[in-house]
Amino acid sequence: MKIGFIGLGNMGAPMAANLVKAGHEVTGFDTAAPMPEGVAKAGSAAEAATGAEVVITMLPNGSILRAVAAEVIPAMTSGAVLCDCSTVDVESARAVAADARAAGMGALDAPVSGGVGGASAGTLTFMAGGDAASFETVRPLFEIMGQKAVHCGDAGAGQAAKICNNMILGVTMIATCEAFALADKLGLDRQKMFDVVSTSSGYSWTMNAYCPAPGVGPKSPADNGYKPGFAAELMLKDLRLSQQAAGGADADTPMGQLATRLYESFVESEGGRGMDFSAILPRFEKRHRG
Ligand code: NAD
């Protein structure tokens, strides 16, 4: 397939490299990052999109996505699919999809879970919103870049799934960390706590697969000085998106709201920036009640 790829940063570069390895013809554009081996460099986003059957974007946020989409949609071949894999607000995802459809293109919002490791290994999970025909067109590419692709519904449904998942993730990480800090203060050994909780009703992905306590459970960023992994500022970005969506949809999300506030202080004034999101455990260790 002829693919245009816009945004070749930490995630986009390995995703594009996997498409090249699978034999696809990829033309890329990024305002700063170098092209991975095998990706032809375009002089602009519009140039990368010209003649492509699928245009993939992997960009930092919704306003950048809107600007890039406004530039690439007029350059795209009629019937081609614009597939945004960035994590952005639901409103931007829907607006971009509407513009693409009005111009005769297919459109998908297909954010990913799995991080940089999953992008490199080709094991991402894609959660897609948009029309079924576009999903079928892009499915073979999802299968190269990932191990699972779920068609979640109409435009915006992929972003909705992503922020709901990550709101659970943020809230659960905090619950797991505050429980470890409480266990410490009660004199309960962390390994014993893990042995019980990981096989009891308090189990979760954050406890069982990504344990925030160093030396406990499977290897995780906690065992590597809390180097990300999934950076605290990306967790904060997704929590903020969940709260923006909750505001727009009039949904009551008190735990999501509190998790957003806690990650906000952690990233902005408690040294969390650049650390894995599980590094919020040492923050709880240092604190006292009230
Ligand atoms: P990144 O900052 O490494 O990459 C974004 C790239 O977009 C950069 O190389 C930047 O130069 C480029 N860019 C910015 N504006 C541009 C423009 N106008 N035209 C072309 N290129 C432009 O970020 P990332 O970690 O690769 O994340 C990309 C997206 O994936 C984000 O939306 C993020 O939330 C999401 N995501 C990231 C992870 C992760 O673990 N890093 C996991 C899941 C989802």
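Residues numbered from 1 in each chain as written. Predicted model: local features only at pLDDT ≥ 70, side-chain atom pairs only at ≥ 80, totals over all residues. Heavy atoms only, no water.

Engineer: Any chance you could explain empty space enclosed by the protein here in plain terms?
Structural biologist: A water-sized probe rolled over the atoms picks out the places where empty space is left. Taken as a whole and assessed by the stated rule, the structure comprises one cavity of 30 Å³ or more. A volume near 70 Å³ is recorded for the largest cavity. Leu65, Leu82, Cys83, Asp84, Ala93, Val96, Ala97, Ala107, Leu108 and Asp109 are the residues that line the largest cavity. Its residues assigned to classes, the lining of the largest cavity comprises eight nonpolar, no polar and two charged. (1 Å grid on protein atoms, 1.4 Å probe; cavity = no way out; pocket = protein on both sides within 12 Å on 5 of 7 lines; lining within 4 Å. Points joined across faces, edges and corners; volume = space filled by probe spheres on them. Nonpolar A, V, L, I, M, F, W, Y, C, P; charged D, E, K, R; others polar.)

Engineer: Before we go on, may I ask you to explain helix H3 (residues 62–72) in this structure?
Structural biologist: It helps to recall that an α-helix has 3.6 residues per turn; residues three or four apart then point in one direction. Along H3, the positions that sit buried rather than exposed are Gly62, Leu65, Val68, Ala69 and Val72. Seen end-on, H3 carries its buried residues on one side only, within an arc spanning 125°. For H3, the exposed residues set more than 90 degrees away from the buried face come down to Ser63 and Ala70. Structurally, H3 contributes buried residues whose contacts are with strand S1 (2–6), helix H2 (45–49), strand S4 (54–57), strand S5 (81–84) and helix H4 (90–102). (Buried < 20%, exposed > 50% of the residue type's maximum accessible area, 1.4 Å probe, protein only. Helix = DSSP H or I, 4+ residues; strand = E, 2+ residues; numbered from the N terminus. Arc of directions from axis to C-beta. Contact = heavy atoms within 4.5 Å.)

Engineer: Could you clarify how one ought to interpret the site of the ligand in this entry?
Structural biologist: Not every one of the 24 residues close to the ligand is listed here, only the nearest: Asn10, Met11, Asp30, Leu59 and Lys237. Taking Thr31, its main chain carries an N or O atom lying 3.5 Å from a nitrogen atom of the ligand. A total of 830 Å² of accessible area belongs to the ligand in isolation, and the protein chains cover 83% of it. The cavity that encloses the ligand is the largest pocket. Here the shell around the ligand is composed, by residue class, of 14 nonpolar, seven polar and three charged. (Near = heavy atom within 4 Å. Polar contact = N/O pair within 3.5 Å; in protein donor to acceptor, adjacent residues only side chain to side chain. Areas by Shrake-Rupley, 256 points an atom, 1.4 Å probe, with all protein chains shown as cover. Sits in = over half its atoms within 2 Å of the grid points.)

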